[in-house]
Amino acid sequence: MIRIFFYPDSTRYVLFTEQALAHMYAHAQRWPWQKEAGGEIFSAAPDAAGLVISSAAGPSPLDRRSRYAWNPDTTAADLDRQAEFALDRHAVGLWHTHPVPSPSPSALDRHTTLEYLEAFQGDRSRYLMVIIGNRGTPPAMGVWVATPERHGGWLKLIPALT
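A brief report on the enclosed structure follows.

What counts and how
- Residues numbered from 1 in each chain as written.
- Predicted model: local features only at pLDDT ≥ 70, side-chain atom pairs only at ≥ 80, totals over all residues.
- Heavy atoms only, no water.
- 1 Å grid on protein atoms, 1.4 Å probe; cavity = no way out; pocket = protein on both sides within 12 Å on 5 of 7 lines; lining within 4 Å.
- Points joined across faces, edges and corners; volume = space filled by probe spheres on them.
- Helix = DSSP H or I, 4+ residues; strand = E, 2+ residues; numbered from the N terminus.
- Nonpolar A, V, L, I, M, F, W, Y, C, P; charged D, E, K, R; others polar.
- Buried < 20%, exposed > 50% of the residue type's maximum accessible area, 1.4 Å probe, protein only.
- Arc of directions from axis to C-beta.
- Pairing = 2+ DSSP bridges.
- Contact = heavy atoms within 4.5 Å.
- Axes fitted to C-alpha atoms, helices over the stretch in contact; angles between N-to-C directions.
- Right-handed = clockwise from strand over helix to strand, strands pointing away.

Overview of the layout of surface pockets
Next, step 1: Looking at the largest pocket, its volume works out to about 320 Å³.
Next, step 2: Among the elements of the structure, β7 (69-71), β8 (90-97) and α3 (107-119) are those that each provide at least two residues to the lining of the largest pocket.
Next, step 3: With 4 residues, the top contributor of residues to the lining of the largest pocket is α3.
Next, step 4: The residue inventory of the lining of the largest pocket, partitioned by class, reads 9 nonpolar, 6 polar and 2 charged.

Here we look at helix α1 (residues 18-25)
Next, step 1: Restricting attention to buried positions, one finds in α1 the residues Ala20, Leu21, Met24 and Tyr25. Buried residues of α1, viewed axially, fall in a sector of 125°; they line one side. Facing away from the buried side of α1 by more than 90 degrees, the exposed set consists of Glu18 and Gln19.

Some points on the sheet that holds strand β10 (residues 141-147)
Next, step 1: As summarised here, the arrangement of the 6 strands in space is β5-β3-β8-β9-β10-β11, forming an open sheet in which the pairing is mixed. Two strands lie at the open edges of the sheet, namely β5 (55-56) and β11 (153-156), each paired on one side alone.
Next, step 2: Sheet analysis places β8 next to strand β9 (residues 127-132), joined by 5 bridges and oriented parallel. Note on β9: the bridge partner recorded for Thr97 is Ile132.
Next, step 3: Seen against the sheet, helix α2 (residues 74-86) touches β3 (38-43), β5 and β8 and runs at an angle of roughly 20° to β3.
Next, step 4: Together, β3, β8, β9, β10 and β11 form the strand contacts of α3, whose direction differs from that of β9 by roughly 145°.

Quick look at the pairing of β10
Next, step 1: Most of β10 sits out of view: 7 of its 7 residues are buried.
Next, step 2: A two-sided burial pattern is seen for β10, the buried positions comprising Met141, Val143, Val145 and Thr147 on one face and Gly142, Trp144 and Ala146 on the other.
Next, step 3: Pairing of β9 with β10 involves 6 bridges; the strand directions are antiparallel. Of the residues in β10, the one forming a bridge with Ile131 is Gly142.
Next, step 4: Pairing between β10 and β11: 4 bridges, direction antiparallel. Opposite Ala146, over in β11, you have Trp154 as the bridge partner.

Observations regarding the pairing of β9
Next, step 1: Here β9 lies mainly inside the structure; 6 of its 6 residues are buried.
Next, step 2: Chirality of the crossover, the property in question, places the unit of β8, α3 and β9 among those that are right-handed.

Next comes the structure, spelled out in C-alpha cells:
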C-alpha cells in the first residue's frame, strides 16, 4: 500500500512507499504505555515535484521519549542520515507519533521543522512534518510542509482519496 498527499494547489505531491509507511506505522501509540517515536524521512530526489518518500529512520534507543514528547539523539540521527546518503537518499522531513486519533503539529513541532529546514542553509526548498496518529487501519496520518518564506511558510497537504 502507498499513500499520496497533494499540495493544496495540486501542483505537487508526496508519495509514501510501503516500506516507509510500514516503518512509521509500527510505532503508532495505540496503547497508553507507548511513548512517542520519530525520525527522519528520505527521498532520492529531494527537489522533485512528485516527492517519493522511500524510507524512514528512527527511533533510536538513545532518543528521549515520553508519552507526549520525542527528542532525537542527534548522534544517532546523523548516522542514519549518513547511511541513507550512502544509498543516494536525502533527508526531506521528520516523522513522529502522537497519542491522538487526528494528529496535528504542536507549536514546538512547527518550530523544530523550520529549524531543520534552516539548517540546510538554502539547500532545501521545503521540509516535511509527518505525524502518525493512534487510530485507524492504516493509522491516521497528517503531512505538512514548511517552506523558507518569511517567518516560515506552512501548508497542510491533502490526502488522496483511496
